[in-house]
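# An overview of the molecular structure
So you can see what is in the structure, the chains are spelled out below.
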Amino acid sequence: MPIQIIVPEGALTPAAEAEAFGRLTELLLRLHGLTGNRFMTPNVIGEVTVVPKRRTYSGGKPADIAVFELKVPSFVLPTQELKDAWISEGTAIIEKAAEGRIKREHIFANVSYAVDGGWGIGGEAYSNAALGSAVAAA
């Protein structure tokens, strides 16, 4: 389940990048009741992408922004309540990590869904049912 955090240079310290990524991972697992799940935990992956200063934009003009993105199978965050929690709590995580260097209104989030059967781990394609079985078995 890739998480990507995109920020301009200087928005997060290296320690804050790691902390924010870890907290977003914990948030995703907690929202699904999977904290500590042996299959799911190591499969929450991703990166922090640091963009050169003045290469992030809002309204077509350079601005310090942060984006956190989540790509997941279609059964993850299935309710609006869970999506709301991911975005609200995730925004607070990024805002805290930025320590005032990025305004809350310049923190953006999105969730993208993979089609059933289009999720792969270690070269194996998983259907939603197969992923559910692997999670339950762990």
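Quick notes on the rules
Residues numbered from 1 in each chain as written. Predicted model: local features only at pLDDT ≥ 70, side-chain atom pairs only at ≥ 80, totals over all residues. Heavy atoms only, no water. Helix = DSSP H or I, 4+ residues; strand = E, 2+ residues; numbered from the N terminus. Pairing = 2+ DSSP bridges. Axes fitted to C-alpha atoms, helices over the stretch in contact; angles between N-to-C directions. Contact = heavy atoms within 4.5 Å. Expected span 1.5 Å × (residues − 1). Buried < 20%, exposed > 50% of the residue type's maximum accessible area, 1.4 Å probe, protein only. Parallel < 35°, antiparallel > 145°, perpendicular 65-115°, else oblique. Left-handed = near helix turned anticlockwise from the far one by under 90°. Nonpolar A, V, L, I, M, F, W, Y, C, P; charged D, E, K, R; others polar.

This part covers unusual backbone geometry. Positioned with a positive phi, Arg 54 is a non-glycine residue whose angle comes to about 70°. Counting through the fold element by element, Arg 54 comes out in the loop between strand E2 (46–51) and strand E3 (57–58). A positive phi angle is found at Leu 77, which is not glycine, with a value near 50°. Residue position: Leu 77 is located in the loop between strand E5 (66–73) and helix H2 (80–98).

Next up on the list: the sheet that holds strand E6 (residues 107–114). Taken together, the four strands give an open sheet; going across it, the order is E2-E1-E5-E6, and neighbouring strands pair in mixed fashion. On the outer flanks of this sheet lie E2 and E6, each paired with one strand and no other. Strand-to-strand twist in this sheet, taken as the mean axis angle between neighbours without regard to direction, amounts to 15°. In this sheet, E6 lies alongside E5 in parallel orientation, the contact comprising eight bridges. If you follow Val 67 over to E6, its bridge partner there is Phe 108. Relative to E5, H2 is tilted by about 145°, and along the sheet it contacts strand E1 (3–8), E5 and E6.

This part covers the environment of Gly 46. Tracing the backbone through its elements, the reader meets Gly 46 in strand E2. For the pair Gly 46 and Leu 70, spaced 24 residues apart in sequence, the C-alpha separation works out to 9.0 Å. Setting aside residues up to four positions removed in sequence, Gly 46 forms contacts with Ile 3 and Phe 21.

For H2, spanning 19 residues, the distance from its first C-alpha to its last is 27 Å, which sits close to the expected 27 Å at 1.5 Å a residue. Taken together, the buried positions of H2 are occupied by Leu 82, Ala 85, Trp 86, Gly 90, Thr 91, Ile 93, Ile 94, Ala 97 and Ala 98. Against the buried residues of H2 lie E1, helix H1 (14–31), E5 and E6. Directly after H2, the chain includes Glu 99, whose backbone phi takes a positive value near 50°.

What follows deals with the packing of H1 against H2. Relative to each other, H1 and H2 sit at 165°, their axes nearing to 10 Å. Relative to H2, the element H1 is oriented roughly antiparallel. H1 and H2 meet at a crossing whose hand is right-handed. Side by side, H1 and H2 meet where Ala 16, Ala 20, Arg 23, Leu 24, Leu 27, Leu 28, Arg 30 and Leu 31 of the first sit next to Leu 82, Ala 85, Trp 86, Glu 89, Gly 90, Ile 93, Ile 94, Lys 96 and Ala 97 of the second. Per-class residue counts for the contact of H1 with H2 are 12 nonpolar, one polar and four charged.

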